[in-house]
Structure formats: C-alpha cells, structure tokens
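Observations on the three-dimensional arrangement
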Amino acid sequence: MHLMLPKPYPDELIYSVIARHFAYLQPIVIKSAQEAIDGISWFSTRYVRNANRLAEKTHPIWGLSGLEILDRHTLLPFNGAFLKPDMHLKCTECFLETNPHGGSVALGMGNSSVLEPKFFRFCVLCLEEDIERFGETYWHRQHQLSGTLFCIKHGELLRNSMAPMSPLDRATMDATHYCESDAEPVAVLSSRETTLALEIAKRSADILYGVPSRWLSPDPSEQYQTAAVEVGYGFGITALQTPAFGADLIDYFGAGLLGKLGCRLNERSRPIRKIFYKDGANHPLLHVLVQHFLGERQKATRLILERQGLDNSFRQEWKCPNRFAKHEEDFRIPQVYLRRAKGGTREHYFHARCTCGYVFCFERPREGDPAMPLVKIVNNYGPAVATEVKRLYAKYRVIKKVCSELKMQHKTVRRILDGIRAGFEPSPEKIAALRKAWLEDGRVKRGTTYQTLLKYDREWLDSFPSRRGTRSRVPKPQPRHADDVALAGQIEASARTLREQGRLVTVNGLSRVLGRKLNVLGLKLMPNAADTLRKEIDVPSRALDRVRKHIARGRGAGGPARRVLKEHY
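Not measured: the values here are computed from a predicted model. All residue numbers refer to positions counted from 1 along the written sequence of the respective chain. Selection of residues for local features in this predicted model requires a pLDDT of at least 70, selection of side-chain atom pairs for listing and counting requires 80 or more, and totals for whole chains, interfaces and linings are taken over all residues. With hydrogens and water excluded, all non-hydrogen atoms of the structure serve as input to the side-chain values.

1. Description of the overall build of the chain
In this description a helix means any DSSP run of H or I spanning at least four residues, a strand means any run of E spanning at least two, and both kinds are numbered starting from the N terminus. Along the chain, the regular secondary structure elements total 26 helices and 10 strands. The cut-offs for exposure are 20% and 50% of the maximum accessible area for each residue type, with area from a 1.4 Å probe on protein chains only; residues under the lower value are buried, those over the upper are exposed, and the others partly exposed. Across the 569 residues that make up the chain, the buried fraction comes to 45%. Contact criterion: two residues are considered in contact whenever any of their non-hydrogen atoms come within 4.5 Å of each other. The long-range share in the chain, meaning contacts at least 24 apart out of those at least 6 apart in sequence, stands at 62%. For the chain, the accessible area works out to roughly 31200 Å², and carbon and sulfur atoms hold 52% of it. Areas reported here follow the Shrake-Rupley algorithm with a probe of radius 1.4 Å; residue values treat only the protein chains shown as occluding.

Take a look at the structure:
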C-alpha cells in the first residue's frame, strides 16, 4: 500500500513532511499520526524509522531510496560525519530497518558537553521565500544543527519557533503554524561573536552537505595532532599540552559565545582531550570548533614567518646562521620547534638546534633571504664558534676585541676561553648518568630525568622511535618460595610480639615492627605471607558490632562483611 505523503522540499526533514501532511489531514488521535505511517507511534524529529519501508511506500511520488532519504532529509550526514566507517554503517543499517534507537545510541549524541536545541529554529527570510514560492514553509535541516545560530543562505540570525524539538505528546508540528515572523532571535551577539558564529554555521553546513575539506575524514585525530604541534602545543616528543590547548580554545571563542552555541567546556573537559584520540569525541560541533581554532592559529603562525607554511616538511627549510660552521649550500637545520612565550602571553617564537651545536631562537627570517633566520637569542654557540673565539684571541690577545668582532658578551667569551661549561648545563658525566638512569627506568617519558635529557640531549632522545601507548620496563625479579616462607614466619613472630605487649595486631603495627610496608594486595606473589597476614590481623570488637548492626538492618552481608563473619563466627 502506497502512502500519499507530499514530496519533500529541498533540505526538508522527514518529520516536517509528516507534519505538513497531518496539518491538512488531522488524525483522530494525536499519536496515530505516526502510526498511520508504519504502525508504530515512535518517531524522531532528526532521523527516520525504517527508511527502506518508507521509501517503498512513497516511491511513486518521491522516487527516493532509503539511503537517499537518510542522506537528503535527516541529520545523519551531520551527526555521523566523524564516526568510524563500520560504526557509520551500523547507524545507517539501524535507521534503514526498524531499530532507530540503536542508531541513536551508536551515534553517541548523548554528550553532556553539547546541548541540543530545545525548539525548532527558522529564518525569517526563508519563511517569506517559502510562503511566496510554495504557499507554506517547512523545517530546514541546516537551521536545526547543533551550534548553528545563522542561516547560511541569507546570513540571518535564526529564531526559535514554538515547536519543541522533542515533543512529549509525540505531536507533529507543522512549521507554517508554529513560526512567527516577530519571534525573538536565538541569541544576542557582539560583532566578533557574529563573525565566529557565522563561520561555525558555514562549517557545519559544509559537513551536512558533504562539501570536501582537508578535515573531513572518519578519523581526523592525526591531523589535529600535527596541527596542534605546529602551532605550539607540543610537549616533548609526542605529548600534547591539552590543558593549554583547551584554555586557549575557550579564550578564543569566549565563554559567552560557547554558552550561546550550547557548549559546556572547560580547559580540562574530557571531549577536548579525546578529540586527539582515534576513538575520540564524535559530536561534530566539537570538531567544528577545533578545526576553526587550529586553522586560524596556523594562519597566524605562518604570518609570523612571512612565508608559506611547511605542512609536509614540518618547518625544516631553514639555513644555519652560524657562519663559522662549514655547512653545504643546500644544508637545512633538522630540528626547528615552535614554542610559546611563558607568562600566559600569546607570542610565538621558534627554537632551532643545528647539528653544529648552534642553538638559538628566532621569530622571523632576515630581509632578502626568507630561509635565513634572524637570530634573537643564542642558547649555545657550539664548537665551531668556540674555535673561532680561540683563534681571534690568539691573534689579538684582547677579549674586548674578540667580543667586538663576534658580537658576544664578555663573560661568554671568557667562559669559552677557560673551557668552562655554563652553570646550568650538565656535564658529560651527568648526561651519561641520566641516559643510563632513563634506560633502566624503562624509557618513561616523564619525570625530572626525562625533562633534563629533553632540554640538553634532545637529539639522543629523538634517536629512539616513538612508542605511543607502550611502556617498556625492566622486569621485576620474582620472589622465591624461601623468601615467602621466611616472611610468613616474620609476620607470625611480629604478631606474637605485639600481643605480648598488649597491643592490637594491625597491618600498620606489623609494618612498623618489620620495617617494611605490608598489605594483602602487595603480597599477591607471596601466598604464604599473605595468608599469614590475614590470619594474624585482629578485628576490633567495634568492627564486629558494625557488622552485626549492618545485618540487623536487613542489608545482608556482602564483601568485607561476609569475610569478617566467615572468619569470626
């Protein structure tokens, strides 16, 4: 049996089609409106149930398949844009068949960090155009997207209708009857907020309509990581400063605008951290915010250098400014990192470490040579400069003359001539000891040892391949059976000592007598000692009284209470 539903308008929700139909053909009972479609009262304002069956019943008029209905007249293309391919396929299958709840669950849209619109939204200019063209209006998909405050067709601020997005009585609400041209806008925005909100609306619409972009992929987390490192949020070799990233993202958009978009985020929100993971955040609005923020930061960062960004080579096309090092003409510095100034400022600079030992900071290239850095601060001069210092001193025998020619400080020249390392630099013996300690600790990328090597011996650390998510530790020696038996005897002797002194035998008391920390979980590889510890511990009478009261109240004896009763009754 075919359904005589009206043909969907461009970018119209399926719910809107049903609402228009029953606006002219009122059902006897409200919930029977959806039951007249597929026999079930459940329906969704954003998606559709059993799209294949609906396509079959409406094919003479619509001429659409189930997949075309999902793609053109539901919010699945937007809300499922960043799902993994297998998960997206699962959602599609759920909506094509009779399991829409499974599709909604798989979408993972129950995100407490993003609030969905409470009411259907509309554009006043779209309302006037629709009535002039069709004689009625309808619910446009683009107007109902999370975080969308503008109609991208007219650049007009959206307005809230009187129709809730999730009607409790399951009523179908036609846009023509629930949109009023004098309704208040969804938000009051400043000029900067207007610019940002309009850009967010355009990016969201591009995702809905499948417009290609460099970010549109099922797993853009690697692109986010690369972009975040490029704009200065890298920490060490592989880590990211996600709290700093979150704080700057919130500061960029402003807490006020985020609240108007329906975003509840702080610098340590879990979605901000998870968006850099493969199994990260799925909500498209979070992706839109991160993409816009990273894109603008990349533009600002590249403008600092007054040259094209190096997406593929990661800023390695820089010459070495050390004129005393004998580099080839085509030589480029292998390690150039973007850094952020301390003290909460937003200034960027670049830290370069050349193979000749020349370590320096710069902000922009020299005039006339875009590949030559304009040195701002030198952290280390290297052996080539030290050799030149000694040569000039042997020639002039005057330190001031050497400082004048090389433009170096007097104390720096004196330190080089005396062969003294800077006070903050660790000695070669110290570096060797740190290397050994770091290797013995399993190459853990945290702690003082790692941070010191990261600062003064980064090249050696970079020689190790990245092992994200893995930690190689030196295996601990397994306790012997003899040690297990010996410890059990020591626990018994210590317990007797405590009882002779008239003291209660507790884990802490035994630990003090033995001079080592004891606990049952810590002795899982020493079963004899663990059993002895359980037997020797005294349970205070007040603890038994609490168990009796617990059982008397009818709560049962579970967990620790069951164990206490078993051992002492």
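Back to the text.
2. Let's talk about the pattern of salt bridges
In the sections that follow, a salt bridge refers to a side-chain nitrogen of Lys or Arg positioned within 4 Å of a carboxyl oxygen of Asp or Glu. This structure, assessed with the given rule, holds 13 salt bridges. Among the salt bridges present, the one from K319 reaches D369, with a minimum N-O distance of 3.3 Å. Of this pair, K319 sits in the loop between helix 15 (284-305) and strand 7 (335-340) while D369 is found in strand 10 (residues 369-380), placing the two residues 50 residues apart along the sequence. Two residues, E388 and R391, come together in a salt bridge whose shortest N-O distance is 2.6 Å. Taken together, the positions of E388 and R391, both in helix 16 (residues 382-396) and 3 residues apart, correspond to about one turn of that helix. Among the residues examined, E388 registers a relative accessible area of 14% and is labelled buried. Looking at R391, the relative accessible area reads 45%, which means it is partly exposed. Here the salt bridges share partners, and the residues they tie into one network are E12, R20 and E136.

3. Some details on the pairing of strand 9 (residues 359-366)
In terms of burial, strand 9 is a largely internal element, 6 of the 8 residues being buried. Two elements, strand 9 and strand 10, share 6 bridges in a ladder whose sense is antiparallel. Directly across from P365, in strand 10, lies its bridge partner P373. One requirement defines pairing of two strands: DSSP has to find at least two bridges between them.

4. Observations concerning the nonpolar core
Joining through side-chain atoms within 4.5 Å is the link that ties buried Ala, Val, Leu, Ile, Met, Phe, Trp, Tyr and Cys residues into a set, and such a set is a nonpolar core. Core analysis: the largest hydrophobic core is formed by 82 residues, its most contacted members being F245, F253 and L294. The dominant element in this core, judged by the number of residues it contributes, is helix 15, at 7 residues. Residues within four places of F253 in sequence aside, it is in contact with R192, L196, I200, L258, L289, H292 and F293. Counting residues in each nonpolar core, the second largest holds 26 residues, with L392, V402, L406 and M408 among its members.

5. Focus on the packing of aromatic side chains
Note on aromatic contacts: the rings of Phe and Tyr and the six-membered ring of Trp form a pair at centre separations within 6.5 Å, being stacked when their planes are under 30 degrees apart, edge-to-face when over 60 apart, and tilted otherwise. Enumeration over the complete set of coordinates arrives at 20 aromatic pairs. Ring centres of F245 and F293 lie 5.4 Å apart, and the angle between their planes is 75°; this geometry places the pair in the edge-to-face category. Here F245, found in helix 12 (residues 242-253), pairs with F293, found in helix 15; they are 48 residues apart in sequence, far enough to count as distant. A single burial state applies to F245 and to F293, both of which are buried. Here the aromatic rings of W438 and W460 are separated by 5.7 Å at their centres, their planes lie at 70°, and the arrangement is edge-to-face. You can see W438 sitting in helix 19 (residues 428-440) and its partner W460 sitting in helix 21 (residues 458-462), a full 22 residues away along the chain. You can call W438 buried: its relative accessible area is 4%. Through a chain of ring-to-ring contacts, the aromatic side chains of Y233, F245, Y252, F253, F276 and F293 assemble into a single cluster. Note that R192 overlies the ring of Y252, its terminal NZ or CZ placed 5.0 Å from the centroid. Each ring is checked for a lysine NZ or an arginine CZ that lies within 6 Å of its centre and within 35 degrees of its normal; such an atom marks a charge sitting over the ring.

6. Some words on the packing of helix 22 (residues 481-500) against helix 23 (residues 507-514)
In this analysis an axis means a line fitted to C-alpha atoms, helices contributing only their contacting stretch, and an angle means the value between N-to-C directions, from 0 to 180 degrees. Helix 23 packs onto helix 22 with a crossing angle of 105° between their chain directions and a minimal axis gap of 10 Å. Between helix 22 and helix 23, the interaxial angle falls into the category roughly perpendicular. Across the interface between the two elements, L487, Q490, I491, S494, A495 and L498 from helix 22 touch G509, L510, V513 and L514 from helix 23. The nonpolar class holds Ala, Val, Leu, Ile, Met, Phe, Trp, Tyr, Cys and Pro. Asp, Glu, Lys and Arg form the charged class, and all remaining residues, Gly among them, are polar. Here the contact of helix 22 with helix 23 is built from residues that sort into 7 nonpolar, 3 polar and no charged. Roughly parallel refers to an angle under 35 degrees, roughly antiparallel to one over 145, roughly perpendicular to one between 65 and 115, and oblique to any angle outside these ranges.

7. Let's talk about helix 3 (residues 51-62)
Here helix 3 spans only 13 Å end to end across 12 residues, well under the 16 Å set by a 1.5 Å rise per residue. Just downstream of helix 3, G63 is the residue with a positive phi angle, here 70°. In a helix, the anticipated span is given by 1.5 Å times the number of residues less one.

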